[in-house]
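Spelled out, the chains give:
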Amino acid sequence: MSADEILDALDPDQRAVALALNGPVCVLAGAGTGKTRAITHRIAYGVRSGVYRPTTVLAVTYTARAAGEMRTRLRELGVVGVQARTFHAAALRQLGFFWPKVVGGAPPRILEHKAPVIADAANRLGLSVDRVAIRDLSTEVEWSKVSLVTADDYVRATAAIDRPAPAGYDRQTVARLIAGYEDAKTERNVIDFEDVLLMLADMLNTRRDVAEAVRTQYRHFVVDEYQDVSPLQQFLLDQWLGGREELCVVGDPSQTIYSFTGASPHHLLTFAKAHPSAQVVRLVRDYRSTPQVVQIANRLLAQPGRRGAQALQLVAQRPAGPPVGFTAYDDDDAEAAGIAARIARLIAAGTKASEIAILYRTNAQSEGFEQALTEAGVGFLIRGGERFFARREVREALVLLRGAGRSADADTPMPEVVRDVLLSNGWSDRPPAARGAARERWESMQALVGLADDLFTRTQASLKDLVVELDERASAQHAPTVEGVTLASLHAAKGLEWDAVFLAGMSEGLMPISLAETDDAVAEERRLLYVGITRAREHLELSYARSRNPGGRASRRRTHFLDGLWPDDAARRRTGMPAHPRGAALSGEYDVELLERLKGWRAEVATETDKPAYTVLVDRTLEAIAEVRPASMAELAQVKGIGPAKLDKYGPTLLALCTRGR
């Protein structure tokens, strides 16, 4: 693409980002507004126009997947040589290069998990710890390091912000544990991931020759997801810059959801003040979601009493889609079964399973959905489980593909070769009937087949090209799409999107979670819900269960975040919905599964009598029945639209439909 063609592919706001080639630049980008498109086209335009040399640009993202996507987009724009990495990957690369010169020898081994060393430090202090305590203490150690809080300063720093000590320990004990953890690491000659950033930043700060070498190499910096930068990451970024202002930051304060790890929107919100000459560009055109989804997202952040900065008001660019669904279920089992049934219908109607997600607040919620999807015959994958490229079948497939790449027939289309190779590894052109491990193995290899098809369609790639692509993705943990419904926590869903999203467990205690005891914590929970809502392109359904167990007391209430968004009494009156038997307006929290049964019955009656469906019962009456769920003829008679004739003719059948599954 020429420089002009790169600009022509952008909307006016994105174009403003691309034209802002010299920093400082602050891009406030709402969800779905094409921020990755804007910053990759900015880099590409800078290269095409001669302002940048590709090798002098360092683009920093927060996930390996995002870095991989950025490299792919730049390559499609004809730009190679730009470094697009996570903070840790970029720092590790530089630390590994300079360590032999500055310290000598190879860098220490990196500790993949803190838990064993935390347990060792706790035992030395005579602390009684279990698995949960070790996890919480590990998180606190990580927070202290990314927040640049030392053991000596821990008590004062946490008291100043009223941060409670984890796992029921007092602050002084945690401070001693942090010091003990550092001693234990030194004895083992290992460093953790935070040390990588700390050591490189210190090296740049104290060694002029190292700083000059890095600053000569990298002259232009881009930082994505800047609302989640930690003090440690900002310190390293300052060392990379060395007082220069060739920096473009991109972020959205409304998507700050990792403050528990030390992330803070402070640097994004104060960027213009810290850099008075900064250009500030706002991206608000939402290309991801339908107007119905965008409206819910905007209204969530615009509710009275919301803390924090003024949110970006998104402007939907897509055509209108289906209405957002709101469902109250009797219990958790009913919620899981109802969502699984709805997903099965979506798949039957043509939506790919990989374009559907169930999102929840805690990982413990996934079990019920796993069981319900299994019973419904729907494949799924749990995000946050075993990494794709670490799976045995994937590693075996890569070995076979590399071998085939050395002797593949150049005249045979690459996707055909891939299929032939994977047949020997247990793949078939049809998924196995069995669930569990056999299906997961097939889905892994099917993802490789899908990637081969996509790469060949786009670039006529060879098998060697595919192997190179897979090696690059493996190093970046940029997995191809696996065909299955995604189960993920709201935190794990950040940065992803699907055609259909089910937000489950929208009740007080789960959203916001009961552990959110401060105003700031509750505000972050609201932002977390906002992130979940904005993952949906077209279909969005929110639900909660009134009770945990079947037959249990309906003591749960829906999250107050949805007050005014959930179809309320006033809204039902405006649309003419019938009254509750006791005279109160309907809430709109009808049983979707029951409503589907009622509509199916009505269609059958209409067919048998050769009359329009509305002559049997109108939609408003069916919705009222689905909400009231009458258990007797007397209760059914009080539903608006059920007169004596209808009661006599359809009453027993309607009651049977209502009581089924109770």
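Sequence order sets the numbering: in each chain, residues are counted from 1 along the sequence as written. Where totals are concerned, whole chains, interfaces and linings use all residues; where local detail is concerned, this predicted model gives features only for residues with pLDDT of at least 70, and gives and counts side-chain atom pairs only at 80 or more. Note: side-chain values were computed over all heavy atoms of the structure, leaving out hydrogens and water.

1. Quick look at unusual backbone geometry
Then step 1. With an omega of -5 degrees, the peptide bond running from Met 511 to Pro 512 counts as cis.
Then step 2. Looking at where Pro 512 falls in the secondary structure, it is placed in the loop between strand 15 (498-503) and helix 22 (519-533).
Then step 3. The phi dihedral of Glu 225 falls on the positive side, at around 50 degrees, and the residue is not glycine.
Then step 4. Under the relative-accessibility criterion, Glu 225 is labelled buried at 14%. A helix here means a DSSP run of H or I that spans at least four residues, while a strand means a run of E at least two residues long, and both kinds are numbered starting from the N terminus. Only protein chains enter the area calculation, which uses a 1.4 Å probe; residues under 20% of their type maximum are buried, those over 50% are exposed, and those in between are partly exposed.

2. What about the pairing of strand 15?
The side chains of a regular strand alternate between both faces of the sheet.
Then step 1. Where burial is concerned, most of strand 15 is hidden: five out of the six residues are buried.
Then step 2. Paired strands are those between which DSSP finds at least two bridges. Both strand 12 (residues 356-360) and strand 15 contribute to a ladder of four bridges, which runs parallel. If you follow Leu 359 over to strand 15, its bridge partner there is Leu 503.
Then step 3. Across five bridges, the pairing between strand 15 and strand 16 (residues 536-547) is parallel. Within strand 16, the position partnered with Leu 503 by the bridge is Leu 542.

3. Here we look at the sheet that holds strand 8 (residues 279-283)
Then step 1. Strands sit in the order 3-2-6-7-1-8 across an open sheet of six strands; the sheet is parallel. Of all strands in the sheet, those with a lone pairing partner are strand 3 (83-86) and strand 8, marking the two edges. Going across the sheet, the axis of each strand differs from the next one's by a mean of 15 degrees, ignoring polarity.
Then step 2. The sheet contact formed by strand 6 (residues 220-223) and strand 7 (residues 247-251) spans three bridges and is parallel. Within strand 7, the residue paired with Val 223 across the bridge is Val 249.
Then step 3. Contacts: residue pairs with any heavy atoms within 4.5 Å of one another. Axis lines are fitted to C-alpha atoms, over the contacting stretch for helices. Their N-to-C directions set the angle, which ranges from 0 to 180 degrees. On the sheet, helix 12 (residues 231-241) packs against strand 2 (57-61), strand 6 and strand 7 and is oriented at approximately 165 degrees with respect to strand 6.

4. Digging into the confidence of the model for the protein chain
Then step 1. Per-residue confidence from the predictor is given as pLDDT, running between 0 and 100. Here the protein chain shows a mean pLDDT of 86. Residues at 70 or above account for 92%.
Then step 2. Looking at the elements of the protein chain, mean pLDDT is at its lowest for helix 23 (residues 569-574), recorded as 39, and at its highest for strand 15, recorded as 97.
Then step 3. The low-confidence segment residues 569-585, where pLDDT is below 50, has 28 contacts with residues more than four positions distant or belonging to other chains.

5. Remarks on helix 15 (residues 291-301)
Then step 1. Among all positions of helix 15, only Val 293, Val 294, Ile 296, Ala 297, Asn 298, Leu 300 and Leu 301 are buried.
Then step 2. Tucked into the core, helix 15 has its buried residues touching strand 9 (285-286), strand 10 (315-316), strand 11 (325-331), helix 22 and strand 16.

6. Some points on the environment of Leu 247
Then step 1. By the element assignment, Leu 247 lies in strand 7.
Then step 2. Separated by 221 residues in the primary sequence, Leu 247 and Cys 26 place their C-alpha atoms 8.5 Å from one another.
Then step 3. Once residues lying within four places of it in the same chain are set aside, the contact partners of Leu 247 are Gly 23, Pro 24, Val 25, Phe 221, Val 223, Leu 237, Leu 241 and Phe 271.

7. Some thoughts on helix 25 (residues 619-628)
Then step 1. Of all ten residues in helix 25, eight are buried, a share of seventy percent or more.
Then step 2. For helix 25, the complete set of buried residues consists of Thr 621, Leu 622, Glu 623, Ala 624, Ile 625, Ala 626, Glu 627 and Val 628.
Then step 3. Residue Arg 629 follows helix 25 closely and has a positive phi angle near 50 degrees.

8. Examining the packing of aromatic side chains
Then step 1. Here a Phe, Tyr or Trp ring, Trp counted by its six-membered ring, pairs with any other such ring whose centre lies within 6.5 Å, and the pair is stacked when the planes are under 30 degrees apart, edge-to-face when over 60, and tilted otherwise. As enumerated under the stated definition, the model contains ten aromatic pairs in all.
Then step 2. When the centroid spacing of 6.0 Å and the interplanar angle of 5 degrees are considered together, the rings of Phe 87 and Trp 240 count as stacked. Residue Phe 87 is found in helix 5 (residues 87-102), and its partner Trp 240 is found in helix 12; the two are separated by 153 residues along the sequence.
Then step 3. The exposure class assigned to Phe 87 is buried, which follows from its relative accessible area of 2%.
Then step 4. Take Trp 240: its relative accessible area is 0%, and that puts it in the buried class.
Then step 5. Seen in terms of ring centroids, Tyr 544 and Trp 566 are 5.5 Å apart; in terms of plane orientation they differ by 70 degrees. Their pairing is edge-to-face. One end of the pair, Tyr 544, is in strand 16; the other, Trp 566, is in the loop between strand 16 and helix 23, with 22 residues separating them in the sequence.
Then step 6. You can call Trp 566 buried: its relative accessible area is 1%.
Then step 7. Feature note: the residues Tyr 62, Phe 87, Phe 221 and Trp 240 constitute an aromatic cluster, connected by ring pairs.
Then step 8. Against the face of Trp 143 rests Arg 163, its NZ or CZ located 4.1 Å from the ring centre. Working rule: Lys NZ or Arg CZ, within 6 Å of ring centre, within 35 degrees of ring normal, means a charge sits over the ring.

9. Let's talk about the pattern of salt bridges
Here the idea is simple: oppositely charged side chains can pair when their charged atoms come close.
Then step 1. Only one rule defines a salt bridge in this text: a Lys or Arg side-chain nitrogen within 4 Å of an Asp or Glu carboxyl oxygen. Under the definition given, this model contains 34 salt bridges.
Then step 2. Taking the shortest distance from any N to any O, the salt bridge between Arg 163 and Glu 140 comes out at 2.9 Å. With Arg 163 in the loop between helix 8 (154-160) and helix 9 (171-188) and Glu 140 in helix 7 (residues 131-146), the pair connects residues that are 23 residues apart, well separated along the chain. In this structure, Arg 163 and Glu 140 share a single accessibility class: buried.

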